[in-house]
Amino acid sequence: MKHIRKTLVAATAATAIVLSGCSAPADDSTPYEVNFAYLNIGGAPTQELKDAVNELAMDELGMTVNLIPISFSDYFTKLPLMLASGDPLDITFVFSQDFPTFINSQYIVNANDYADQTKDIYGLFGEDAGVGQIGDFLVGFPTVKELSSPTGLVVRKDIFDELGYSVDDFDITAEDTSGYDKITELFADVKAAHPEMTPYDGTFSMGMQVFSYIDPLGDSGYGALEDKGQTTKVTNWFESDQYREFAEINREWFTKGYTSQDVAVNQDEGQVKMKAGNTFSFMTFTKPDSAPEKASQTGYEVEIIPLSGYGPKSTSGSTAGLLSVANNAKDKDKAFEFLNWAYTSGEFNDLLNWGVEGVDWVETEDGVAGYPEGKDPASVGYHNGAGFILPNQFAGHVWSGSPANLGDQYAAANEEAKASKAYGFLFDGTSVSGELAQLNAVYEQYKKQISFGVLDPDKGLKEFNDAMYAAGLQTVIDEKQRQLDEWLDAK
Amino acid sequence: MYKQSRTYRLLAHTALLLVTLSMFLPLVLVFMSSITDESTLITDGYSFWPQQFSLDAYAYIAANSETVFRAYGVTVIVTIIGTVVGLFLTSTMAFALSLPELPGRRVLSFLVFFTLLFNGGLVPAYIMWSSLGVRNTILAYILPSLLVNAFNVILMRTYYQVTIPAEVYEAAKIDGASYFRIYFQLVLPLGKPILVTIGLFIALGYWNDWTNGLYYVSNPDMFSIQTFLNRMIQDIQAISSNNTGTSVTSNVPAVSVRMAISFVALLPLLIIYPLLQRYFAKGIMVGAVKG
Amino acid sequence: MKRRSTTRLRSFLPVYILLIPGMLYLLVNNYIPMVGIISAFKRINVNDGIFFSPWNGLENFRYLFLSGAAGDIFRNTLLYNTAFIVVTTVVAIALAVLINDVASTKLKKLYQSAILLPFTLSMVVVSYVVFGFLSHENGLLNNTLLESDPIQWYSEGQYWPAILIIVNLWKTVGYSTLLFLAALVGVDRSLYEASSLDGANRWQQVLTIDLPNLFPTIVTLTLLAVGRIFYSDFGLFYQVPRNSGAIFDVTTTIDTYVYRALISAGGIGQSAAAGFFQAVIGFVLVLSVNAAVRKYQRSSALF
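Remember, predicted model here, so these are calculated numbers, not experimental data.

Right, let's talk about the interface of chain B and chain C for a bit. Listed by partner, the interface residues are 79 residues for chain B and 75 residues for chain C. Elements that contribute at least two residues to the side of chain B that touches chain C include exactly helix 1 (6–34), helix 4 (65–98), helix 5 (105–117), helix 6 (122–131), helix 8 (150–163), helix 10 (179–190), helix 11 (192–208) and helix 14 (255–290) of chain B. At 13 residues, helix 1 of chain B tops the list of elements feeding residues into the side of chain B that touches chain C. Its residues assigned to classes, the side of chain B that touches chain C comprises 54 nonpolar, 23 polar and 2 charged.

Further remarks concern the sheet that holds strand 7 (residues 151–156) of chain A. Residues and elements named next belong to chain A. Taken in spatial order, the 4 strands make up an open sheet running 8-9-7-10, and their pairing is mixed. Because the sheet does not close on itself, it has two edges, and the strands there are strand 8 (198–200) and strand 10 (302–306). Recorded for the sheet is a direction-independent mean angle of 25° between the axes of neighbouring strands. Pairing geometry for strand 8 and strand 9 (residues 279–285), over 2 bridges, is parallel. By the bridge assignment for strand 9, threonine 198 is matched with threonine 279. Sheet strands touched by helix 7 (residues 180–193): strand 7, strand 8 and strand 9. Its angle to strand 8, the strand with the most contacts, is close to 170°.

A word on the confidence of the model for chain B. All names here are of chain B. Looking at chain B as a whole, the pLDDT averages 80, with 85% of positions reaching at least 70. The weakest mean pLDDT in chain B belongs to helix 13 (residues 225–241) at 64; the strongest belongs to helix 7 (residues 139–142) at 94. In the predicted structure, residues 283–291 sits below a pLDDT of 50 and forms 14 contacts with residues beyond four places in sequence or in another chain.

All names here are of chain C. Taking 1.5 Å of rise per residue, 12 residues should cover 16 Å, and helix 6 (residues 123–134) covers 16 Å from first to last C-alpha, within 8% of that figure. Counting buried positions along helix 6 yields 9 of 12 residues, so the element is predominantly enclosed. Every buried residue belonging to helix 6 is among Val125, Val126, Ser127, Tyr128, Val129, Val130, Phe131, Gly132 and Leu134, and all of these are buried.

On to the environment of Gln261(A), then. Inspection of the secondary structure puts Gln261(A) in the loop between helix 10 (241–255) and helix 11 (270–276). Residue Gln261(A) is classed as partly exposed on the basis of its C-beta count, with 18 C-beta atoms lying within 10 Å. For the pair Gln261(A) and Asp201(A), spaced 60 residues apart in sequence, the C-alpha to C-alpha distance is 9.0 Å. Every residue in contact with Gln261(A), bar those within four places of it in the chain, is listed here: His136(C) and Glu137(C).

The next thing to look at is unusual backbone geometry. Residue and element names in this part refer to chain B. Positive phi, close to 55°, is recorded for asparagine 136, a residue that is not glycine. As for its position among the elements, asparagine 136 is in the loop between helix 6 and helix 7. Note on asparagine 136: 13 C-beta atoms within 10 Å, which makes it partly exposed. A positive phi angle, near 65°, is found at serine 145, a position not held by glycine. Note that serine 145 resides in the loop between helix 7 and helix 8.

As a further point, take the packing of helix 5 of chain B against helix 8 of chain B. Residues and elements named next belong to chain B. One can describe the packing of helix 5 onto helix 8 by two numbers: an axis separation of 8 Å at closest approach and a directional angle of 140°. Classified by the angle between their axes, helix 5 and helix 8 sit oblique to one another. Regarding helix 5 and helix 8, the two cross each other, and that crossing is left-handed. Where helix 5 abuts helix 8, its residues Val112, Phe113, Thr115 and Leu116 lie against Ala150, Phe151, Val153 and Ile154.

Definitions and cut-offs
Residues numbered from 1 in each chain as written. Chains lettered and ligands numbered in written order. Predicted model: local features only at pLDDT ≥ 70, side-chain atom pairs only at ≥ 80, totals over all residues. Contact = placed C-beta atoms within 7 Å. Helix = DSSP H or I, 4+ residues; strand = E, 2+ residues; numbered from the N terminus. Nonpolar A, V, L, I, M, F, W, Y, C, P; charged D, E, K, R; others polar. Pairing = 2+ DSSP bridges. Axes fitted to C-alpha atoms, helices over the stretch in contact; angles between N-to-C directions. pLDDT = per-residue confidence, 0-100. Expected span 1.5 Å × (residues − 1). Buried ≥ 20, exposed ≤ 12 C-beta atoms within 10 Å, placed from the backbone. Parallel < 35°, antiparallel > 145°, perpendicular 65-115°, else oblique. Left-handed = near helix turned anticlockwise from the far one by under 90°.

As structure tokens, then:
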């Protein structure tokens, strides 16, 4: 009897000791691993890269990093899966159309609660750090990139010069579309001189460049603030004179054969078409380093004709992609700490952007980054180049071809952009999610046809807008106006 | 062979040849596109005899040959294991359900069929398989959704019901054979044609599947051929339809490379498939003898 | 009496044992995740998970029915699938009969291999091939047969029902043909000899010998297709028309509609709702058709 009791006591004591040992907080010898999902459009991270990142993070933070490359298509398929199933994930990027869903599904953490851990970020952005605020939920933090998205026409320099044009010949702004006549003239000349070429092609035209002309208030413009957001009345931009003019101009180009006849089903971007050699021009959002960027993408030197003037600083533009901490993060304090550090570490941004220094890139004498001796895009181990979704691409190096002070140029451009009156306002579409879903479907159906002039604007615009209203456009407009007014009053 | 009228034979062969041509033609197009110069492809579109040839696409693949070969290896292993195991599981169920006097047959058949219609969706399946630890293993390709499929079970069951006469079972039972013996020694051999056919479908299912790889495999060393190819294509589509207000440097592989990889993914099938036809022929012999 | 039934059960024991592995797989792969169906009626959030998230009734189904497109998507899905079933079955039977009659084994192998070839191509590649034919600027059709009067294929809705039926036929007929072939191969050759001695021609033989033997397989395939009548092949309806807005009203189906509407991530409840709706309709239809088949030929019924 005694014997048994002694054994029991001893066993209980032993168990207690073991259990207490088990439940002790994670001892400091196991560093916290941050699961960092980032946009990956280049190749997968090499082992050297992973090692380099781990070394850096250990040195400066005492944490290790598990890099999770997410391609564009992964973002729509794999990422929601990871978030919904509780996979290990600390930090991810979120595109603006998903904010309401991610918040409602509780995929991400409210960054407002972690202001202490993110002081450097606030230091970097000032007020703008809080631009991702919906109600009292801060979705995450913006990245350092161009905040306004003007539109420009990218043209091939060789033919442009050959025909005797110069960029100064063109004077087009968002308000005055008469300048487009000159472009029509240009296309006609191109067609005459080079009948085998397509003057205008690609996947974007003016009507689709919503970030340049309006504040789309969170989606493709189902109810927007026209005039670059300098109004507080929410209207249907697709019924506006400006949109109609864009459609008519494109209609002329299409019927005269300046635009590719397959443009409505074309899935190749303008730069791909130009690279193939038979396209003269395409439209795109421009930034200070667009010319060298397009040149390297197409292999041709280009000129850029500005079409819209600056784009407004809109919430949609700034919050196009935010960096958030996922609910799956085991230690949210540490996750935010890491995020904070990521904004300040030039080395980290360089690693993710260009790879390992000395192996994938070297610093040239201009102070920018370039390929090492003997390496090129095909043979280098890692090269991502998705700087716009990195925390702070300009903390690191700029790629060669762009000036070393590109970050300053971006800052200057951002200064120039005028903020939309709704800057800081994020629309919560959950109550109209059904309508938004249908509007998406209608928009998909008509966007290219109208913007590229495939459909006759007289008939097409009416059809398009009728379909939009049938899908519940007015409900969405009213809801947007209501929320906007509320937000404006609260300011 | 009994005598068939000559007109019939002529018509039949003409029809079949036309059909065969129409099946092969697009494949030829794919191959031709893969050896067409990239700019010509974009300018002139796809054609059966391109203006300019180029082996660049295959050079690109050869440069990545390590990845491609490894992807092949993965796909082959997965297909073989998956088909053998899947075929076994499918045929046992089909056999069981084909026996008219099996108690509970109607309920069991319904339970099998029900799975074809109602589906819990990707997320629960993903959570479950992940928690079973299949991620980044070969099982990730084999287990989720492809191994046994009520469609195949029901098709096979119909075949067994129609082709295996009751007398065969009775004779076997009189001999004192258990259902095990009946299955292995009678049903399987008699049902060779359906085994080959369904086996082919299962194998194709595995060979062409790209979703399991997408969801459960993140280690590039473990990519299958289809995962690899489809990632590329999906990225391209996502980039061009996504308007985030910035222009992205798209590292887009050439159209011809896409075609080349499609062709490369097909090649083993084109080679193996005729070889399999031998088993089909054998089945014919068995069926003929049966009479 | 009791002893007889236990002996019966015991003699079937090997059968049940054979049944177990497959059933186990279906349990794990299909039935366990099936709880996900309730997401269709809930507003899912990750913290509460599937089980504890709040219910929201039929809210998730709204987007399917609200727009004017609802009529189009239901009509298209239903009509296309019906056309597919009928056309593919008829052509597959014809091909199976023809191939079965081919004397040369070599040619037989060729035909059998050829018909399954398109099945092995992914829809993305098929869409490129179709584009190769129908592209306005460079397409084969416009540049050869119709050089004088080219057609903007991707803008004209009238052609697309035919185009999609043909493409679907081309891609999937091999599947049914092989199944029918497998069934025909088991038919006793002497039956044909006997009937031709009686003076029957090939067509009569088809009606009296081939078709009856194919009947169970035809019924099975059709029933299975009916169950999936509200599901469409996403690749066929999205990739092949290249997402061209001009022909949406004839090419949009439930699945493409759901995809386009939910192009943003998340919204598990809404996509689950669509799936549930498709399943229920198919289920009801199959139950009815199956009951009808049971009356006619019990053994051919699905269950």
